[in-house]
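In case you want the letters, here they are:
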Amino acid sequence: AQKVTQAQTEISVVEKEDVTLDCVYETRDTTYYLFWYKQPPSGELVFLIRRNSFDEQNEISGRYSWNFQKSTSSFNFTITASQVVDSAVYFCALSGGNNDMRFGAGTRLTVKP
Amino acid sequence: EPEVTQTPSHQVTQMGQEVILRCVPISNHLYFYWYRQILGQKVEFLVSFYNNEISEKSEIFDDQFSVERPDGSNFTLKIRSTKLEDSAMYFCASSEEIKIYNEQFFGPGTRLTVL
């Protein structure tokens, strides 16, 4: 069975603070992919990153960075110097052998000016 | 840049009525998906579709639901007799291949409200 847990339901920070969104997953598949999506207030799902189970190298893209640790089954997402436009719900998702993508419950991030 | 489109953006219907949600996947994509997101909750997989048949479906996708690729461009989700609990955002997605590493491109969603 596959499961994605995002324990943080809501996070509120002040602009320019760094913030880390946690994601813990469970899967029996040896090959799987992890994703992060952003859902702004307008409702669409915006793809942020994909990471495969064999690549534990951390990735940085501008203010965004991701820390994949297979040993702890975690795929955490950090926003550096947060901005008001980062306010959204962020979903972590897992895709394994069944090809259905399992999403976590999401973390609502509010960045205050 | 190619994108997945969905119509309508918002559909309001009476309980018991049939609704059809429409999606136009990216033109060279072969695999299509529907997901549901009840307001304030997680995005849930409903069904995947390839070569004119269902590949996978979740426990949510019961006999009330059906999918169809009626022509070369549209991919539809039909709910036969809507219930109040069907009120949700429905997302269509498509991918080039069904391999797990292929990114699924999501449409903007259709918000279904059942009264």
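Above this text you will find the structure in question.
Definitions and limits used
Residues numbered from 1 in each chain as written. Chains lettered and ligands numbered in written order. Predicted model: local features only at pLDDT ≥ 70, side-chain atom pairs only at ≥ 80, totals over all residues. Heavy atoms only, no water. Phe/Tyr/Trp six-rings, centres within 6.5 Å; stacked < 30°, edge-to-face > 60°. Helix = DSSP H or I, 4+ residues; strand = E, 2+ residues; numbered from the N terminus. Buried < 20%, exposed > 50% of the residue type's maximum accessible area, 1.4 Å probe, protein only. Core = buried A, V, L, I, M, F, W, Y, C linked by side-chain atoms within 4.5 Å. Polar contact = N/O pair within 3.5 Å; in protein donor to acceptor, adjacent residues only side chain to side chain. Pairing = 2+ DSSP bridges. Axes fitted to C-alpha atoms, helices over the stretch in contact; angles between N-to-C directions.

### Considering the packing of aromatic side chains
One pass over the full model with this rule turns up 24 aromatic pairs over all chains. Plain terms: the ring middles of Trp36 of chain A and Phe77 of chain A are 5.3 Å apart, the flat faces sit at 50 degrees to each other, and that makes the pair tilted. One end of the pair, Trp36 of chain A, is in strand β5 (residues 33–39); the other, Phe77 of chain A, is in strand β9 (residues 74–79), with 41 residues separating them in the sequence. Phe77 of chain A shares its class with Trp36 of chain A; the two are buried. Taken together, a centroid distance of 5.7 Å and an interplanar angle of 70 degrees make the contact between Tyr35 of chain B and Phe45 of chain B edge-to-face. Linking Tyr35 of chain B in strand β4 (residues 31–37) with Phe45 of chain B in strand β5 (residues 43–50), this pair joins segments that are ten residues apart in sequence.

### Let's talk about the nonpolar core
Of all hydrophobic cores here, the largest spans 24 residues; its most connected members are Trp36, Trp66, Phe77, Tyr90 and Leu109 of chain A. Elements that contribute at least two residues to this core include exactly β2 (10–14), β3 (19–21), β5, β6 (46–52), β8 (64–69), β9, β10 (88–95) and β12 (107–112) of chain A. Val19, Phe32, Phe61 and Tyr90 of chain B belong to the second-largest nonpolar core, a separate cluster that totals 22 residues.

### A word on the side chain of Ser87 of chain A
Residue and element names in this part refer to chain A. The residue Ser87 is located in the loop between β9 and β10 in this model. At 3.0 Å, the side chain of Ser87 forms a polar contact with the backbone oxygen of Val84. In this structure the side chain of Ser87 is engaged in a polar contact, spanning 2.9 Å, whose partner is the backbone nitrogen of Val111.

### Observations concerning the sheet that holds strand β3 (residues 19–24) of chain B
Residues and elements named next belong to chain B. In spatial order, the strands read β1-β3-β8-β7; together these four strands make up an open sheet with antiparallel pairing. With partners counted over all chains shown, the strands left at the sheet margins are β1 (5–7) and β7 (65–68), one partner each. Adjacent strand axes in the sheet meet at a mean angle of 20 degrees when their direction is disregarded. Pairing of β3 with strand β8 (residues 75–79) involves five bridges; the strand directions are antiparallel. Its bridge partner being in β8, Ile20 is matched across the sheet by Lys78.

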